[in-house]
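# Examining the three-dimensional arrangement
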Amino acid sequence: MLTPSSLAFFENLDLSEVTKQIIAEYIWIGGSGCDLRSKARTLSCSMTSPKDLPKWNYDGSSTGQAQGDDSEVILYPQAIFRDPFRGGHNILVICDTYSPKGEPLPSNNRARAARIFETEEVAMEEPWFGLEQEYTLLQKDINWPLGWPVGGYPAPQGPYYCGVGANKAWGRDIVNAHYKACLYAGVKVSGINGEVMPGQWEFQVGPCVGLDAGDHLICARYILERMTEIANVVLSFEPKPIPTGEWNGAGCHTNYSTKSMRSAGGYEVIREAIEKLGLRHKEHIALYGEGNEKRLTGKHETASMDKFSWGVADRGASIRVGRETEADGKGYFEDRRPSANMDPYLVTSMIAETTLLWKPVGLKEKASA
Ligand code: ADP
Ligand code: MN
Ligand code: MN
Ligand code: MN
């Protein structure tokens, strides 16, 4: 039992016994486009819609998002989750970032994504996304993967993917704590698994409709940062954490479907969407994550960065269509190109834009040629 002689006792005090006040942790993406920042404030009562929550501000010059002489950045609350760390009625608030004039910051891909997902042609199609977030756990101070001998390497890849046992899985307590905390928070996490490289894991978020995919993934990443902070382990979303040798990189495969793809005749719609993605390969790759070129080598279950390819059940292709989707004649496909450090708002909205809004001339003729 916790007693007042431990800090944990006070951290776990149930505020609702004595006050209607709650603590709201405001979370946002910082200047690198991948770093998460957060700070907390007291609110006078619990609120269930982000529209009821107050806007807030922070010092953008400290996050690489503003100049010191005009440093204010405004946070707009966009999505609410339960706070698994504080419990009770306390909340996590996913925010996006604006200048005082109300213009989205350059790093605010959520605002641009919202415009695309609000378009009638896109909204009508109810785009679903399933994001497979891979990540690497590192030993603190030495920045070397968990389970790897200090100054050396583990046995070659093979036994680690979905592996069990003290010589194959490292950090499972973190993974499990994160999994349950996400479910508690209301994040739509759909599963977890150990990855090919030892010390690497994956969680999946989805299927989520449109903008929700980004909000849920950012919340899941935030919870994971906090879990690893507790465990004194460093979290990395590097696309290629170990650049030399036969070690897998870390991606964020993006599974995608529209209403038409999920309905009878969907396979044709999928084929056409893949055709469009192929035509815009360069544009997509450019925005699929910093340092992704180190990962997309054509080895280790990736396709080469320079060449677009697709295939059924092909894990060496840019786009993979599942066997089940082929057999059913409808379903979804997987864009395997995005790296672990990608911006989910950017990637999901780009896929929707290219496949639903972009109308290249002569595509039909080209596809059937
Ligand atoms: P993989 O076989 O590539 O490892 P996972 O099982 O890890 O795939 O992840 C698949 C993801 O796709 C899950 O998050 C799942 O919820 C999501 N998903 C399932 N069906 C659809 C669909 N129709 N459209 C979009 N995403 C989907
Ligand atoms: Mn997976
Ligand atoms: Mn994976
Ligand atoms: Mn996958």
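Given the structure is predicted, the values throughout are model-derived calculations rather than measurements.

## What to know about the state of the cysteines
- For the structure on display, the rule yields 0 disulfides.
- Its sulfur unpaired, C95 is 11 Å from the next cysteine sulfur, which belongs to C219.
- In this structure C95 comes out as buried when scored by relative accessible area, which is 6%.
- There is no disulfide at C252, and the cysteine sulfur nearest it, in C34, is 10 Å away.
- Overall, C252 belongs to the buried group, its relative accessible area being 0%.

## So, the packing of aromatic side chains
- Tallied over the full model, the rule gives 14 aromatic pairs.
- Between F117 and F129, the aromatic rings sit 5.9 Å apart at their centres with planes inclined by 75°, giving edge-to-face as the arrangement. Here F117, found in helix 2 (residues 109-118), pairs with F129, found in strand 6 (residues 128-139); they are 12 residues apart in sequence, far enough to count as distant.
- Residue classification places F117 among the buried residues on the basis of a relative accessible area of 10%.
- Residue F129 is classed as buried on the basis of its relative accessible area of 0%.
- Centroid distance Y135 to F203: 6.0 Å. Interplanar angle 50°. Geometry classified as tilted. Here F203 lies in strand 9 (residues 200-209) and Y135 lies in strand 6, a separation of 68 residues in the sequence.

Thresholds applied
Residues numbered from 1 in each chain as written. Chains lettered and ligands numbered in written order. Predicted model: local features only at pLDDT ≥ 70, side-chain atom pairs only at ≥ 80, totals over all residues. Heavy atoms only, no water. Disulfide = S-S within 2.5 Å. Buried < 20%, exposed > 50% of the residue type's maximum accessible area, 1.4 Å probe, protein only. Phe/Tyr/Trp six-rings, centres within 6.5 Å; stacked < 30°, edge-to-face > 60°. Helix = DSSP H or I, 4+ residues; strand = E, 2+ residues; numbered from the N terminus.

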